[in-house]
Amino acid sequence: MARPPSVDQLARSLADSGLPHPLRVEVARQAIADGEVERAGELARERARRLLVPVINATGVLLHTNLGRASIAHHQDASFLNLELDLSTGKRGSRQAAVGELAATAVGAEAAIVVNNCAGAVLLALAALPGDRAVAVSRGELVEIGGGFRVPDVMAQSGARLVEVGTTNRTRLADFQRAIDTQGVGLALHVHQSNYRIVGFTEAVSIRELATLDVPVLADIGSGLLDAACPWLEGPPPSWLAGEPAAKQSLVDGADLIMFSGDKLMGGPQCGILAGSRALIDACASHPLARALRPGGLVLAALQNTLGHYLRREGSEIPFWRQATETTDSLRQRAERVADAVGDRTQVIETKSVPGGGTLPGVEIPSVGISVMGDLSDELRALDRPIIARLDQARTILDLRTVDPADDDLLVTGLAST
Ligand SMILES: *Cc1c(COP(=O)(O)O)cnc(C)c1O
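Residues numbered from 1 in each chain as written. Predicted model: local features only at pLDDT ≥ 70, side-chain atom pairs only at ≥ 80, totals over all residues. Heavy atoms only, no water.

Colleague: Help me understand helix α14 (residues 328–342) in this model?
Modeller: Three or four residues apart is the spacing at which side chains of an α-helix point the same way, because the helix has 3.6 residues per turn. A rise of 1.5 Å per residue sets the reference length of α14, with its 15 residues, at 21 Å; its end C-alpha atoms lie 21 Å apart and thus fit the reference within 8%. Every buried residue belonging to α14 is among Leu331, Arg334, Ala335, Val338, Ala339 and Val342, and all of these are buried. Looking straight down α14, one finds that the buried residues subtend no more than 130° of arc, so they occupy a single side. Turned more than 90 degrees from where α14 packs its buried face, Asp329, Gln333 and Asp340 sit exposed. Remark: Gly343 follows α14 within two positions and exhibits a positive phi of approximately 115°. (Helix = DSSP H or I, 4+ residues; strand = E, 2+ residues; numbered from the N terminus. Expected span 1.5 Å × (residues − 1). Buried < 20%, exposed > 50% of the residue type's maximum accessible area, 1.4 Å probe, protein only. Arc of directions from axis to C-beta.)

Shown next as structure tokens:
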């Protein structure tokens, strides 16, 4: 029997995998220990597939949590940035200033700051604002968003004292008033029911009503629709957005501070934005947690890019909006081209896309896709540029709405290879 190769020899032979040498050494050592030397190449390829790679989202879920929510366009050459330098004075500046001003302008707020995500924004606001006073929240809004974000838990971590008001299905303004009068409540928090709805015998208190109270109103609007009028789109707002709370309108309705995600309906990088009155934003910005939650220059530059498109009304430059509003005619043409190129096995079908990302539950957006008999999902995922498809009974469905048209040819070669 031949002697097994040395770890070093085997690791060197795995150079094709593209893995850095220390990882090839780990794979080689494991393969030798398991007596699977002949499978070392395959193991190295598997290991390489755990690294981040661009994938084609053919699921029809516009904000797919497993695929990084919003698809964002951002390229940056290696370079220093004036991240904390004021170029006009030469003095130290704030990393928040420029992008914060863009965000504030986009939603009509006095001021804004950016943190790592909306969960962080809520944590910071609750830590920075209540002092020793309690925060009132409707029992119908003590929500859990995906990934373990539970409003009561975040409040507990922030040190704020939670006062639950109303009932699960019905809360009235008088419930908040009573909590202010009798339980030391100094702040009202409104939380958007992002991923669920309560229907039937219900009553909820709007931001506008909360604003008539004598305490500041915070609103966690979650999904980050900047303006219900969608002035960045050429046409009117899509009908499926109806009823979704928007940042600008929440402030007009009287919220003193709003919090939202950057990578849901805003279609930007992962971040959380706080916007509202300058006094409240300053209180958040000067809290020690703001330092722990601050985003890096890459995220701020990508966000600046996205906000720039909003302010220039270039919705078609924002992948989320471009994909969400592409017409079914255009999708059908693309699907027919792909199906023709692949051949008889494929069929063009009507599908339903969804916004995803824990937003707009129940909303479906008509779409067009390609259907192929059989379950091809493993094979498509194994491609160099993995294609993530949807399964419907015994068929594999590729929804064109979430696929960049520039990737249509990759769908053709990908499907043809299966
Ligand atoms: C999604 C969501 C969050 C969490 O946002 P992340 O940016 O994922 O941290 C918080 N609150 C509401 C209402 C949400 O919809």
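Colleague: What should I look at first to understand the domain arrangement of the protein chain in this one?
Modeller: Taken domain by domain, the protein chain comprises domain 1 (56–71 + 326–417) and domain 2 (97–317). Opposite the twelve residues of domain 1 that make contact, domain 2 presents 14 residues. Of the roughly 1,000 Å² buried between domain 1 and domain 2, counting both surfaces, carbon and sulfur atoms make up 66%. The largest contributions to the domain 1 side of the interface with domain 2 come from Arg69, Leu360 and Pro361, which together make up 45% of the buried area. Taken together, the links from domain 1 to domain 2 amount to one salt bridge. Its salt-bridge partner being Arg69, residue Asp263 comes within 3.0 Å of it at the nearest N-O pair. (Domains from an automatic or database assignment. Contact = heavy atoms within 4.5 Å. Buried area = accessible area lost by both parts, 1.4 Å probe. Salt bridge = Lys/Arg side-chain N within 4 Å of Asp/Glu carboxyl O.)

Colleague: Would you take a moment to explain the site of the ligand for this structure?
Modeller: What surrounds the ligand is the set Arg69, Asn117, Cys118, Ala119, Ile145, Phe149, His192, Ser194, Asp220, Gly222, Ser261 and Lys264. A distance of 2.9 Å is found between an oxygen atom of the ligand and a backbone nitrogen or oxygen belonging to Cys118. A distance of 2.8 Å separates an oxygen atom of the ligand from a polar atom in the backbone of Ala119. Contact with the protein chains removes 94% of the 380 Å² of surface that the ligand exposes when unbound. Those elements that provide at least two residues to the shell around the ligand are α5 (118–128) and β9 (217–222). Looking at side-chain class alone, the shell around the ligand contains four nonpolar, five polar and three charged residues. (Near = heavy atom within 4 Å. Polar contact = N/O pair within 3.5 Å; in protein donor to acceptor, adjacent residues only side chain to side chain. Areas by Shrake-Rupley, 256 points an atom, 1.4 Å probe, with all protein chains shown as cover. Nonpolar A, V, L, I, M, F, W, Y, C, P; charged D, E, K, R; others polar.)

Colleague: Would you mind showing me how to read the pairing of β9 here?
Modeller: On a regular strand, one side chain projects to one face of the sheet and the next to the other, so that they alternate. Burial within β9 is extensive, with six of its six residues counted as buried. Side chains Val217, Ala219 and Ile221 project from β9 onto one buried face, and the interleaved Leu218, Asp220 and Gly222 project onto a second face that is buried too. Bridge count for strand β8 (residues 185–191) against β9 is four bridges, and the pairing is parallel. Opposite His190, over in β9, you have Ala219 as the bridge partner. Of the strand pairs in this sheet, β9 and strand β10 (residues 257–261) are connected by four bridges, and their pairing is parallel. Pairing of Leu218 across the sheet is with Leu257, part of β10. (Pairing = 2+ DSSP bridges.)

Colleague: Honestly, empty space enclosed by the protein in this entry has me stumped. Any pointers?
Modeller: Remark: the empty space left among the atoms is shown by a probe the size of a water molecule rolled over them. Counted according to the given criterion, the structure contains one cavity of 30 Å³ or more. There is about 30 Å³ of room inside the largest cavity. Every residue lining the largest cavity is listed: Ser138, Glu141, Thr171, Phe176, His190, Ala204, Val205 and Leu210. (1 Å grid on protein atoms, 1.4 Å probe; cavity = no way out; pocket = protein on both sides within 12 Å on 5 of 7 lines; lining within 4 Å. Points joined across faces, edges and corners; volume = space filled by probe spheres on them.)

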